[in-house]
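These are the residues of each chain, in order.
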Number of protein chains: 2
Amino acid sequence: MQRYFISRNNWKENDVQIVDDDYHHIVNVMRMSNDDQLIANREDGKSAICEIVNITENVVEAKVMEWLDESTESPISITIVQGLPKGDKWEFILQKGTELGASHFIPFQAERSVVKWEPKKVEKKLPRWQKIVKEASEQSHRTKIPTIDTVFSTRDLIEASNNYDWKFFAYEETTRGEKSQKLHHFLSKISEGQSVLICVGPEGGFTENEAENFQEADFEAIRLGPRILRTETAPLYVLANLSYYFEEMR
Amino acid sequence: MQRYFISRNNWKENDVQIVDDDYHHIVNVMRMSNDDQLIANREDGKSAICEIVNITENVVEAKVMEWLDESTESPISITIVQGLPKGDKWEFILQKGTELGASHFIPFQAERSVVKWEPKKVEKKLPRWQKIVKEASEQSHRTKIPTIDTVFSTRDLIEASNNYDWKFFAYEETTRGEKSQKLHHFLSKISEGQSVLICVGPEGGFTENEAENFQEADFEAIRLGPRILRTETAPLYVLANLSYYFEEMR
(Lines give C-alpha, C1' and ligand atoms only; values in the text may rest on other atoms or scores of the structure.)
Protein backbone atom coordinates (compact mmCIF):
# COMPACT_ATOMS: atom_id res chain seq x y z
CA MET A 1 0.00 0.00 0.00
CA GLN A 2 1.29 3.45 -0.88
CA ARG A 3 2.63 5.44 2.06
CA TYR A 4 2.49 9.22 2.60
CA PHE A 5 4.01 11.42 5.29
CA ILE A 6 1.47 14.03 6.33
CA SER A 7 2.53 17.13 8.24
CA ARG A 8 1.10 17.86 11.67
CA ASN A 9 -1.25 20.63 10.43
CA ASN A 10 -3.09 18.29 8.12
CA TRP A 11 -4.25 15.83 10.78
CA LYS A 12 -7.42 16.37 12.77
CA GLU A 13 -7.73 13.32 14.98
CA ASN A 14 -8.84 10.65 12.54
CA ASP A 15 -9.20 12.92 9.51
CA VAL A 16 -6.31 13.57 7.13
CA GLN A 17 -5.96 16.20 4.46
CA ILE A 18 -3.45 15.43 1.73
CA VAL A 19 -2.20 18.26 -0.44
CA ASP A 20 0.58 19.40 -2.84
CA ASP A 21 2.97 16.72 -4.20
CA ASP A 22 1.19 13.90 -2.38
CA TYR A 23 -2.16 15.09 -3.74
CA HIS A 24 -0.66 15.01 -7.22
CA HIS A 25 0.79 11.54 -6.64
CA ILE A 26 -2.50 10.09 -5.38
CA VAL A 27 -4.73 11.68 -8.01
CA ASN A 28 -2.56 11.77 -11.13
CA VAL A 29 0.07 9.05 -10.65
CA MET A 30 -1.77 6.39 -8.62
CA ARG A 31 -5.17 7.52 -10.02
CA MET A 32 -6.87 6.64 -6.76
CA SER A 33 -10.47 7.53 -6.01
CA ASN A 34 -12.98 7.32 -3.15
CA ASP A 35 -12.75 4.19 -0.98
CA ASP A 36 -9.16 3.50 -2.08
CA GLN A 37 -6.73 2.89 0.77
CA LEU A 38 -3.30 4.25 1.64
CA ILE A 39 -1.00 4.45 4.65
CA ALA A 40 -0.66 7.89 6.26
CA ASN A 41 2.21 8.64 8.62
CA ARG A 42 2.14 11.25 11.36
CA GLU A 43 5.27 13.21 12.22
CA ASP A 44 5.51 11.42 15.57
CA GLY A 45 5.95 8.10 13.76
CA LYS A 46 2.40 6.76 14.22
CA SER A 47 0.84 5.41 11.03
CA ALA A 48 -2.62 4.32 9.93
CA ILE A 49 -4.43 2.66 7.07
CA CYS A 50 -6.74 5.37 5.71
CA GLU A 51 -9.56 5.37 3.20
CA ILE A 52 -10.17 8.20 0.76
CA VAL A 53 -13.55 9.80 1.43
CA ASN A 54 -13.44 12.83 -0.86
CA ILE A 55 -11.23 14.38 -3.52
CA THR A 56 -11.57 18.12 -4.18
CA GLU A 57 -9.63 20.25 -6.63
CA ASN A 58 -6.57 20.35 -4.38
CA VAL A 59 -7.21 18.18 -1.32
CA VAL A 60 -7.54 14.43 -0.87
CA GLU A 61 -9.59 13.84 2.30
CA ALA A 62 -9.07 10.50 4.00
CA LYS A 63 -10.09 8.96 7.29
CA VAL A 64 -8.30 6.50 9.55
CA MET A 65 -9.56 2.92 9.32
CA GLU A 66 -6.92 1.25 11.47
CA TRP A 67 -3.92 2.48 13.45
CA LEU A 68 -0.85 0.37 12.74
CA ASP A 69 1.76 -0.91 15.14
CA GLU A 70 4.84 -0.85 12.95
CA SER A 71 8.40 -1.28 14.09
CA THR A 72 10.62 -0.22 11.25
CA GLU A 73 12.55 2.39 13.24
CA SER A 74 15.87 1.54 14.84
CA PRO A 75 15.74 1.27 18.65
CA ILE A 76 18.73 3.63 18.78
CA SER A 77 18.93 7.08 17.25
CA ILE A 78 21.77 7.24 14.70
CA THR A 79 23.25 10.45 13.31
CA ILE A 80 25.60 10.20 10.34
CA VAL A 81 28.20 12.97 10.11
CA GLN A 82 29.65 12.79 6.62
CA GLY A 83 32.84 14.57 5.54
CA LEU A 84 31.72 16.34 2.35
CA PRO A 85 32.40 13.90 -0.47
CA LYS A 86 32.85 14.56 -4.19
CA GLY A 87 30.14 14.46 -6.83
CA ASP A 88 26.67 13.14 -6.04
CA LYS A 89 27.78 10.84 -3.22
CA TRP A 90 26.08 12.92 -0.54
CA GLU A 91 22.68 12.31 -2.12
CA PHE A 92 23.50 8.63 -2.45
CA ILE A 93 24.31 8.52 1.28
CA LEU A 94 21.04 10.28 2.14
CA GLN A 95 19.02 7.74 0.16
CA LYS A 96 20.79 4.57 1.27
CA GLY A 97 21.31 5.84 4.82
CA THR A 98 17.56 6.38 5.13
CA GLU A 99 16.84 2.83 3.97
CA LEU A 100 19.35 1.56 6.51
CA GLY A 101 17.82 3.40 9.48
CA ALA A 102 19.71 6.68 10.08
CA SER A 103 17.66 9.31 11.88
CA HIS A 104 19.73 12.43 11.21
CA PHE A 105 22.38 13.54 8.70
CA ILE A 106 25.03 16.23 9.15
CA PRO A 107 27.24 17.32 6.24
CA PHE A 108 30.70 18.11 7.63
CA GLN A 109 33.25 20.48 6.10
CA ALA A 110 36.29 18.26 6.68
CA GLU A 111 39.86 19.37 6.10
CA ARG A 112 40.34 16.92 3.23
CA SER A 113 36.96 17.70 1.61
CA VAL A 114 37.71 18.81 -1.94
CA VAL A 115 34.39 20.64 -2.22
CA LYS A 116 33.40 23.57 -0.08
CA TRP A 117 29.75 24.18 0.76
CA GLU A 118 28.58 27.62 1.78
CA PRO A 119 25.57 27.63 4.14
CA LYS A 120 23.67 29.47 1.37
CA LYS A 121 24.26 26.65 -1.06
CA VAL A 122 23.12 24.12 1.53
CA GLU A 123 19.94 26.12 2.16
CA LYS A 124 19.19 26.06 -1.54
CA LYS A 125 19.80 22.33 -1.87
CA LEU A 126 17.90 21.36 1.27
CA PRO A 127 14.44 20.94 -0.34
CA ARG A 128 15.93 18.50 -2.86
CA TRP A 129 17.67 16.52 -0.11
CA GLN A 130 14.51 16.46 1.99
CA LYS A 131 12.64 15.04 -0.99
CA ILE A 132 15.25 12.27 -1.30
CA VAL A 133 14.92 11.19 2.35
CA LYS A 134 11.12 11.48 2.27
CA GLU A 135 10.87 9.25 -0.78
CA ALA A 136 13.40 6.78 0.64
CA SER A 137 11.37 6.71 3.88
CA GLU A 138 8.17 5.94 1.99
CA GLN A 139 9.83 3.28 -0.11
CA SER A 140 11.52 1.54 2.84
CA HIS A 141 8.34 1.72 5.00
CA ARG A 142 9.86 3.91 7.67
CA THR A 143 7.52 5.70 10.02
CA LYS A 144 9.79 8.69 10.63
CA ILE A 145 11.58 10.81 8.07
CA PRO A 146 15.24 11.49 8.91
CA THR A 147 16.25 15.11 9.32
CA ILE A 148 19.15 16.93 7.65
CA ASP A 149 21.31 19.62 9.20
CA THR A 150 23.21 22.48 7.64
CA VAL A 151 26.94 22.13 7.02
CA PHE A 152 29.03 21.81 10.23
CA SER A 153 32.57 22.92 11.04
CA THR A 154 34.72 20.96 13.52
CA ARG A 155 33.68 23.47 16.19
CA ASP A 156 29.94 23.02 15.41
CA LEU A 157 30.38 19.28 15.51
CA ILE A 158 32.14 19.19 18.84
CA GLU A 159 29.56 21.52 20.34
CA ALA A 160 26.67 19.40 19.04
CA SER A 161 28.35 16.20 20.21
CA ASN A 162 27.51 17.02 23.82
CA ASN A 163 23.93 16.02 23.07
CA TYR A 164 24.88 12.45 22.19
CA ASP A 165 25.32 9.39 24.39
CA TRP A 166 27.98 7.91 22.08
CA LYS A 167 30.38 9.56 19.66
CA PHE A 168 32.49 7.68 17.13
CA PHE A 169 34.74 8.57 14.23
CA ALA A 170 36.09 6.22 11.58
CA TYR A 171 39.88 6.31 11.56
CA GLU A 172 42.36 3.89 10.01
CA GLU A 173 45.47 5.43 11.51
CA THR A 174 46.89 5.31 14.99
CA THR A 175 46.30 8.34 17.24
CA ARG A 176 48.72 8.97 20.05
CA GLY A 177 49.97 5.43 19.87
CA GLU A 178 46.45 4.03 20.16
CA LYS A 179 44.90 1.84 17.50
CA SER A 180 41.25 2.37 16.62
CA GLN A 181 38.90 -0.22 18.07
CA LYS A 182 36.28 -2.32 16.36
CA LEU A 183 32.79 -0.82 16.56
CA HIS A 184 31.72 -4.18 17.96
CA HIS A 185 33.78 -3.45 21.05
CA PHE A 186 31.25 -0.77 22.08
CA LEU A 187 27.90 -2.14 20.97
CA SER A 188 27.08 -4.16 24.04
CA LYS A 189 27.41 -0.97 26.11
CA ILE A 190 24.86 0.99 24.05
CA SER A 191 21.29 0.80 25.34
CA GLU A 192 18.03 1.09 23.43
CA GLY A 193 16.86 4.68 23.21
CA GLN A 194 20.39 6.10 23.27
CA SER A 195 21.78 8.43 20.64
CA VAL A 196 24.85 7.61 18.58
CA LEU A 197 26.94 9.98 16.48
CA ILE A 198 29.01 8.38 13.70
CA CYS A 199 31.55 10.53 11.86
CA VAL A 200 32.96 9.41 8.52
CA GLY A 201 35.75 11.27 6.74
CA PRO A 202 35.69 12.41 3.10
CA GLU A 203 37.90 10.78 0.43
CA GLY A 204 41.29 10.43 2.14
CA GLY A 205 39.76 10.26 5.62
CA PHE A 206 40.15 12.58 8.59
CA THR A 207 43.41 14.44 9.20
CA GLU A 208 45.55 13.89 12.29
CA ASN A 209 44.44 17.31 13.48
CA GLU A 210 40.75 16.39 13.20
CA ALA A 211 41.37 13.07 14.93
CA GLU A 212 43.03 14.87 17.84
CA ASN A 213 40.17 17.33 18.14
CA PHE A 214 37.67 14.49 18.17
CA GLN A 215 39.61 12.56 20.77
CA GLU A 216 39.86 15.56 23.06
CA ALA A 217 36.07 15.79 22.87
CA ASP A 218 35.78 12.13 23.93
CA PHE A 219 34.93 10.67 20.56
CA GLU A 220 36.00 7.03 20.17
CA ALA A 221 38.09 6.07 17.12
CA ILE A 222 36.70 3.04 15.30
CA ARG A 223 37.83 0.82 12.43
CA LEU A 224 35.22 -0.34 9.93
CA GLY A 225 36.04 -3.95 9.17
CA PRO A 226 39.21 -5.39 7.64
CA ARG A 227 38.94 -3.73 4.20
CA ILE A 228 39.36 -0.07 3.26
CA LEU A 229 35.91 1.30 2.42
CA ARG A 230 35.17 4.25 0.16
CA THR A 231 33.78 7.30 1.93
CA GLU A 232 30.24 6.60 0.69
CA THR A 233 30.36 2.91 1.62
CA ALA A 234 31.53 3.52 5.20
CA PRO A 235 28.26 4.97 6.61
CA LEU A 236 26.27 2.15 5.00
CA TYR A 237 28.55 -0.44 6.57
CA VAL A 238 28.12 1.12 10.03
CA LEU A 239 24.34 1.42 9.64
CA ALA A 240 24.01 -2.19 8.48
CA ASN A 241 26.16 -3.33 11.43
CA LEU A 242 24.02 -1.35 13.89
CA SER A 243 20.88 -2.76 12.30
CA TYR A 244 22.26 -6.27 12.62
CA TYR A 245 23.15 -5.83 16.27
CA PHE A 246 20.09 -3.88 17.47
CA GLU A 247 17.39 -5.16 15.13
CA GLU A 248 18.35 -8.60 13.87
CA MET A 249 20.16 -10.25 16.77
CA ARG A 250 17.23 -9.68 19.12
CA MET B 1 51.15 1.89 -0.92
CA GLN B 2 49.69 1.26 -4.37
CA ARG B 3 48.48 -2.28 -4.95
CA TYR B 4 48.53 -4.27 -8.20
CA PHE B 5 47.09 -7.67 -9.06
CA ILE B 6 49.60 -9.56 -11.19
CA SER B 7 48.56 -12.57 -13.21
CA ARG B 8 50.19 -15.94 -12.62
CA ASN B 9 52.32 -15.80 -15.78
CA ASN B 10 54.09 -12.67 -14.67
CA TRP B 11 55.51 -14.07 -11.45
CA LYS B 12 58.78 -15.95 -11.34
CA GLU B 13 59.35 -16.78 -7.68
CA ASN B 14 60.41 -13.42 -6.26
CA ASP B 15 60.46 -11.53 -9.56
CA VAL B 16 57.41 -9.76 -10.92
CA GLN B 17 56.80 -8.37 -14.37
CA ILE B 18 54.14 -5.67 -14.59
CA VAL B 19 52.62 -4.86 -17.98
CA ASP B 20 49.65 -3.24 -19.78
CA ASP B 21 47.29 -1.04 -17.71
CA ASP B 22 49.28 -1.49 -14.53
CA TYR B 23 52.49 -0.57 -16.36
CA HIS B 24 50.77 2.59 -17.57
CA HIS B 25 49.51 3.37 -14.09
CA ILE B 26 52.93 2.93 -12.45
CA VAL B 27 54.92 4.82 -15.08
CA ASN B 28 52.54 7.54 -16.27
CA VAL B 29 50.06 8.08 -13.43
CA MET B 30 52.11 7.36 -10.30
CA ARG B 31 55.37 8.34 -12.08
CA MET B 32 57.34 5.76 -10.09
CA SER B 33 60.94 4.89 -10.84
CA ASN B 34 63.63 2.46 -9.69
CA ASP B 35 63.67 1.70 -5.94
CA ASP B 36 60.04 2.82 -5.51
CA GLN B 37 57.82 0.34 -3.68
CA LEU B 38 54.40 -1.15 -4.39
CA ILE B 39 52.31 -4.09 -3.24
CA ALA B 40 51.94 -6.94 -5.73
CA ASN B 41 49.20 -9.53 -5.30
CA ARG B 42 49.35 -13.08 -6.61
CA GLU B 43 46.21 -14.80 -7.87
CA ASP B 44 46.26 -17.17 -4.89
CA GLY B 45 45.82 -14.20 -2.53
CA LYS B 46 49.45 -13.91 -1.36
CA SER B 47 50.85 -10.39 -1.48
CA ALA B 48 54.26 -8.80 -1.11
CA ILE B 49 55.95 -5.43 -0.86
CA CYS B 50 58.05 -5.16 -4.00
CA GLU B 51 60.71 -2.75 -5.17
CA ILE B 52 61.05 -1.62 -8.77
CA VAL B 53 64.41 -2.73 -10.18
CA ASN B 54 64.04 -1.81 -13.84
CA ILE B 55 61.59 -0.10 -16.18
CA THR B 56 61.76 -0.97 -19.90
CA GLU B 57 59.56 0.34 -22.70
CA ASN B 58 56.65 -1.87 -21.69
CA VAL B 59 57.57 -3.80 -18.55
CA VAL B 60 58.07 -2.72 -14.95
CA GLU B 61 60.34 -5.27 -13.28
CA ALA B 62 60.08 -5.53 -9.52
CA LYS B 63 61.36 -7.90 -6.88
CA VAL B 64 59.83 -9.07 -3.62
CA MET B 65 61.21 -7.37 -0.50
CA GLU B 66 58.79 -8.81 2.04
CA TRP B 67 55.89 -11.23 1.88
CA LEU B 68 52.84 -9.89 3.72
CA ASP B 69 50.45 -11.67 6.01
CA GLU B 70 47.24 -9.78 5.27
CA SER B 71 43.77 -10.82 6.35
CA THR B 72 41.35 -8.71 4.37
CA GLU B 73 39.44 -11.67 2.90
CA SER B 74 36.26 -12.91 4.54
CA PRO B 75 36.66 -16.27 6.31
CA ILE B 76 33.58 -17.47 4.40
CA SER B 77 33.15 -17.48 0.65
CA ILE B 78 30.16 -15.35 -0.36
CA THR B 79 28.46 -15.44 -3.76
CA ILE B 80 25.94 -12.71 -4.58
CA VAL B 81 23.23 -13.73 -7.03
CA GLN B 82 21.56 -10.53 -8.19
CA GLY B 83 18.25 -10.42 -10.06
CA LEU B 84 19.09 -8.16 -13.02
CA PRO B 85 18.34 -4.62 -11.90
CA LYS B 86 17.64 -1.53 -13.97
CA GLY B 87 20.19 1.05 -15.10
CA ASP B 88 23.73 0.98 -13.80
CA LYS B 89 22.88 -0.69 -10.49
CA TRP B 90 24.66 -3.91 -11.43
CA GLU B 91 27.97 -2.08 -11.73
CA PHE B 92 27.29 -0.31 -8.43
CA ILE B 93 26.72 -3.71 -6.78
CA LEU B 94 29.96 -5.07 -8.25
CA GLN B 95 31.96 -2.15 -6.85
CA LYS B 96 30.39 -1.97 -3.40
CA GLY B 97 30.04 -5.74 -3.08
CA THR B 98 33.78 -6.08 -3.71
CA GLU B 99 34.57 -3.56 -0.97
CA LEU B 100 32.28 -5.47 1.38
CA GLY B 101 33.91 -8.84 0.80
CA ALA B 102 31.94 -10.80 -1.83
CA SER B 103 33.99 -13.45 -3.63
CA HIS B 104 31.77 -14.18 -6.62
CA PHE B 105 28.92 -12.45 -8.49
CA ILE B 106 26.20 -14.07 -10.60
CA PRO B 107 23.76 -11.93 -12.63
CA PHE B 108 20.38 -13.67 -12.58
CA GLN B 109 17.64 -13.33 -15.21
CA ALA B 110 14.73 -13.09 -12.74
CA GLU B 111 11.07 -13.16 -13.79
CA ARG B 112 10.54 -9.57 -12.67
CA SER B 113 13.78 -8.27 -14.23
CA VAL B 114 12.78 -5.51 -16.63
CA VAL B 115 15.98 -5.87 -18.62
CA LYS B 116 17.00 -8.97 -20.50
CA TRP B 117 20.66 -9.81 -20.95
CA GLU B 118 21.75 -12.10 -23.75
CA PRO B 119 24.90 -14.13 -23.00
CA LYS B 120 26.55 -12.27 -25.91
CA LYS B 121 25.91 -8.93 -24.26
CA VAL B 122 27.31 -10.23 -21.00
CA GLU B 123 30.44 -11.48 -22.76
CA LYS B 124 30.97 -8.05 -24.26
CA LYS B 125 30.48 -6.27 -20.92
CA LEU B 126 32.60 -8.66 -18.89
CA PRO B 127 35.96 -6.88 -19.38
CA ARG B 128 34.41 -3.65 -18.07
CA TRP B 129 32.94 -5.42 -15.04
CA GLN B 130 36.22 -7.18 -14.36
CA LYS B 131 37.94 -3.81 -14.38
CA ILE B 132 35.44 -2.51 -11.81
CA VAL B 133 36.04 -5.39 -9.37
CA LYS B 134 39.81 -5.27 -9.93
CA GLU B 135 39.94 -1.56 -9.11
CA ALA B 136 37.63 -1.97 -6.13
CA SER B 137 39.86 -4.82 -4.89
CA GLU B 138 42.95 -2.65 -5.16
CA GLN B 139 41.26 0.27 -3.45
CA SER B 140 39.85 -1.78 -0.59
CA HIS B 141 43.14 -3.71 -0.09
CA ARG B 142 41.71 -7.09 -0.89
CA THR B 143 44.13 -9.86 -1.71
CA LYS B 144 41.79 -11.75 -4.06
CA ILE B 145 39.75 -10.31 -6.93
CA PRO B 146 36.13 -11.52 -6.98
CA THR B 147 35.01 -13.41 -10.06
CA ILE B 148 31.94 -12.73 -12.21
CA ASP B 149 29.77 -15.34 -13.92
CA THR B 150 27.67 -15.15 -17.04
CA VAL B 151 23.92 -14.58 -16.72
CA PHE B 152 22.06 -17.47 -15.01
CA SER B 153 18.53 -18.82 -15.47
CA THR B 154 16.62 -20.37 -12.54
CA ARG B 155 17.73 -23.76 -13.83
CA ASP B 156 21.41 -22.74 -13.97
CA LEU B 157 21.14 -21.33 -10.48
CA ILE B 158 19.60 -24.40 -8.94
CA GLU B 159 22.18 -26.62 -10.63
CA ALA B 160 25.05 -24.44 -9.39
CA SER B 161 23.58 -24.28 -5.90
CA ASN B 162 24.62 -27.89 -5.25
CA ASN B 163 28.18 -26.64 -4.87
CA TYR B 164 27.33 -24.42 -1.90
CA ASP B 165 27.14 -25.21 1.81
CA TRP B 166 24.42 -22.60 2.39
CA LYS B 167 21.78 -21.16 0.05
CA PHE B 168 19.60 -18.16 0.90
CA PHE B 169 17.15 -15.98 -0.96
CA ALA B 170 15.72 -12.67 0.21
CA TYR B 171 11.94 -12.84 0.37
CA GLU B 172 9.47 -10.55 2.10
CA GLU B 173 6.38 -12.69 1.49
CA THR B 174 5.21 -15.88 3.10
CA THR B 175 5.84 -19.12 1.20
CA ARG B 176 3.57 -22.10 1.90
CA GLY B 177 2.48 -20.55 5.14
CA GLU B 178 6.05 -20.07 6.30
CA LYS B 179 7.51 -16.67 7.14
CA SER B 180 11.06 -15.92 6.09
CA GLN B 181 13.60 -16.07 8.88
CA LYS B 182 16.18 -13.55 9.95
CA LEU B 183 19.63 -14.20 8.45
CA HIS B 184 20.91 -14.08 12.03
CA HIS B 185 19.02 -17.29 12.74
CA PHE B 186 21.49 -19.20 10.53
CA LEU B 187 24.82 -17.50 11.12
CA SER B 188 25.92 -19.46 14.17
CA LYS B 189 25.59 -22.64 12.10
CA ILE B 190 27.91 -21.45 9.33
CA SER B 191 31.57 -22.40 9.80
CA GLU B 192 34.68 -20.64 8.56
CA GLY B 193 35.70 -21.87 5.12
CA GLN B 194 32.12 -22.66 4.08
CA SER B 195 30.48 -21.25 0.96
CA VAL B 196 27.31 -19.16 1.07
CA LEU B 197 25.01 -18.29 -1.83
CA ILE B 198 22.83 -15.19 -1.35
CA CYS B 199 20.09 -14.49 -3.90
CA VAL B 200 18.52 -11.04 -4.13
CA GLY B 201 15.54 -10.28 -6.37
CA PRO B 202 15.33 -7.41 -8.89
CA GLU B 203 13.03 -4.42 -8.34
CA GLY B 204 9.76 -5.97 -7.12
CA GLY B 205 11.52 -9.02 -5.65
CA PHE B 206 11.24 -12.69 -6.55
CA THR B 207 7.94 -14.14 -7.79
CA GLU B 208 6.03 -16.83 -5.90
CA ASN B 209 7.08 -19.25 -8.61
CA GLU B 210 10.76 -18.47 -8.13
CA ALA B 211 10.40 -18.73 -4.35
CA GLU B 212 8.86 -22.20 -4.72
CA ASN B 213 11.63 -23.34 -7.03
CA PHE B 214 14.23 -22.12 -4.57
CA GLN B 215 12.55 -23.80 -1.64
CA GLU B 216 12.33 -27.10 -3.45
CA ALA B 217 16.08 -26.86 -3.98
CA ASP B 218 16.58 -26.34 -0.21
CA PHE B 219 17.27 -22.62 -0.30
CA GLU B 220 16.33 -20.83 2.94
CA ALA B 221 14.09 -17.74 2.71
CA ILE B 222 15.49 -14.78 4.65
CA ARG B 223 14.26 -11.30 5.58
CA LEU B 224 16.76 -8.45 5.49
CA GLY B 225 16.01 -6.31 8.51
CA PRO B 226 12.82 -4.45 9.40
CA ARG B 227 12.82 -2.00 6.49
CA ILE B 228 12.20 -2.64 2.81
CA LEU B 229 15.51 -2.31 0.98
CA ARG B 230 15.98 -1.41 -2.65
CA THR B 231 17.36 -4.21 -4.80
CA GLU B 232 20.84 -2.65 -4.90
CA THR B 233 20.94 -2.00 -1.15
CA ALA B 234 19.97 -5.55 -0.18
CA PRO B 235 23.25 -7.30 -1.14
CA LEU B 236 25.26 -4.59 0.66
CA TYR B 237 23.20 -5.08 3.81
CA VAL B 238 23.79 -8.84 3.75
CA LEU B 239 27.51 -8.46 3.07
CA ALA B 240 27.91 -5.92 5.89
CA ASN B 241 26.02 -8.24 8.24
CA LEU B 242 28.21 -11.20 7.31
CA SER B 243 31.30 -9.04 7.75
CA TYR B 244 30.09 -7.97 11.17
CA TYR B 245 29.41 -11.52 12.30
CA PHE B 246 32.45 -13.27 10.80
CA GLU B 247 35.05 -10.50 10.85
CA GLU B 248 34.16 -7.99 13.56
CA MET B 249 32.62 -10.06 16.34
CA ARG B 250 35.66 -12.34 16.58
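As a reminder, the structure under discussion sits directly above these lines.
Residues numbered from 1 in each chain as written. Chains lettered and ligands numbered in written order. Predicted model: local features only at pLDDT ≥ 70, side-chain atom pairs only at ≥ 80, totals over all residues. Heavy atoms only, no water.

Trainee: Would you mind going over the overall build of chain A with me for this structure?
Mentor: For chain A, the count of helices and strands is 7 helices and 13 strands. Its C-alpha atoms put chain A at 65 × 40 × 30 Å along the principal axes. A buried classification covers 52% of the 250 residues belonging to chain A. Taking contacts inside chain A between residues at least 6 apart in sequence as the whole, the part at least 24 apart equals 73%. Surface accessibility of chain A: about 11800 Å² in total, with carbon and sulfur atoms responsible for 43%. Counting 31 positive and 42 negative side-chain charges, chain A places the averaged centre of each group 5 Å from the other. (Helix = DSSP H or I, 4+ residues; strand = E, 2+ residues; numbered from the N terminus. Buried < 20%, exposed > 50% of the residue type's maximum accessible area, 1.4 Å probe, protein only. Contact = heavy atoms within 4.5 Å. Areas by Shrake-Rupley, 256 points an atom, 1.4 Å probe, with all protein chains shown as cover. Lys, Arg positive; Asp, Glu negative; His and termini not counted. Charge placed at Lys NZ, Arg CZ, Asp CG, Glu CD.)

Trainee: Any chance you could explain the packing of aromatic side chains here in plain terms?
Mentor: All names here are of chain A. A complete count under the given rule lists 32 aromatic pairs over all chains for this structure. Considering the side-chain rings of Phe-168 and Phe-186, the 5.1 Å spacing of their centres and the 55° angle between planes classify their relative orientation as tilted. Of the two residues, Phe-168 sits in strand S10 (residues 166–170) while Phe-186 sits in helix H5 (residues 184–187), which places them 18 residues apart along the sequence. Phe-186 gets classed as buried once you look at its relative accessible area, which sits at 4%. Clustering of aromatic rings is evident, with ring pairs tying together Phe-108, Phe-169, Tyr-171, Phe-206, Phe-214 and Phe-219. (Phe/Tyr/Trp six-rings, centres within 6.5 Å; stacked < 30°, edge-to-face > 60°.)

Trainee: What exactly am I supposed to notice about the packing of helix H2 (residues 89–99) of chain A against helix H3 (residues 119–139) of chain A here?
Mentor: Helix packing for two helices is described by the angle between their axes and how far apart those axes are. Residue and element names in this part refer to chain A. Put simply, H2 and H3 touch, their axes get as near as 8 Å, and they point 30° apart. Between H2 and H3, the angle falls in the class roughly parallel. Classified by chirality, the crossing of H3 by H2 is right-handed. Residues Trp-90, Glu-91, Leu-94, Gln-95, Thr-98 and Glu-99 of H2 pack against Arg-128, Trp-129, Ile-132, Val-133, Ala-136, Ser-137 and Gln-139 of H3. Across the contact of H2 with H3, the residue classes break down as 6 nonpolar, 4 polar and 3 charged. (Axes fitted to C-alpha atoms, helices over the stretch in contact; angles between N-to-C directions. Parallel < 35°, antiparallel > 145°, perpendicular 65-115°, else oblique. Left-handed = near helix turned anticlockwise from the far one by under 90°. Nonpolar A, V, L, I, M, F, W, Y, C, P; charged D, E, K, R; others polar.)

Trainee: Is there a simple way to explain unusual backbone geometry in this structure?
Mentor: Where the residue is not glycine, phi is negative for most of them; where a peptide bond is considered, it is trans in most cases. Residue and element names in this part refer to chain B. Non-glycine residue Glu-13 carries a positive phi angle of around 50°. Within the secondary structure, Glu-13 is located in the loop between strand S2 (11–12) and strand S3 (15–18). Taking relative accessible area as the criterion, Glu-13 reaches 71% and is therefore assigned exposed.

Trainee: Is there a simple way to think about the nonpolar core in this case?
Mentor: One finds A:Phe168, A:Ile198, A:Leu242, B:Phe168, B:Ile198 and B:Leu242 to be the most contacted residues of the largest nonpolar core, which totals 83 residues. Every residue in contact with B:Leu242, bar those within four places of it in the chain, is listed here: B:Ile76, B:Ile78, B:Leu183, B:Leu187, B:Ile198 and B:Glu247. (Core = buried A, V, L, I, M, F, W, Y, C linked by side-chain atoms within 4.5 Å.)

Trainee: So what exactly am I meant to see when it comes to the pairing of strand S6 (residues 60–68) of chain B here?
Mentor: All names here are of chain B. Of the pairings in the sheet, the one linking S3 to S6 comprises 4 bridges and is antiparallel in character. By the bridge assignment, Ile-18 is partnered in S6 with Val-60. Where strand S5 (residues 47–55) lies against S6, 8 bridges are found, and the strand directions are antiparallel. Residue Ile-55 lies in a different strand from S6, and its bridge partner there is Val-60. Between S5 and the antiparallel strand that follows it, S6, lie 4 residues. (Pairing = 2+ DSSP bridges.)

Trainee: Sorry, what's going on with the relation of the copies chain B and chain A here?
Mentor: Each of the two chain copies can be brought onto the other by rotation about an axis and movement along it. Superposing chain B onto chain A requires a rotation of 180° together with a translation of 0.0 Å along the rotation axis, leaving an RMSD of 0.1 Å. In short, the pair behaves as if placed about a two-fold rotation axis. Here 100% of the contact residues of chain B are again contact residues in chain A; the copies associate through an equivalent surface. (Least-squares fit on C-alpha atoms with pLDDT ≥ 70 in both.)

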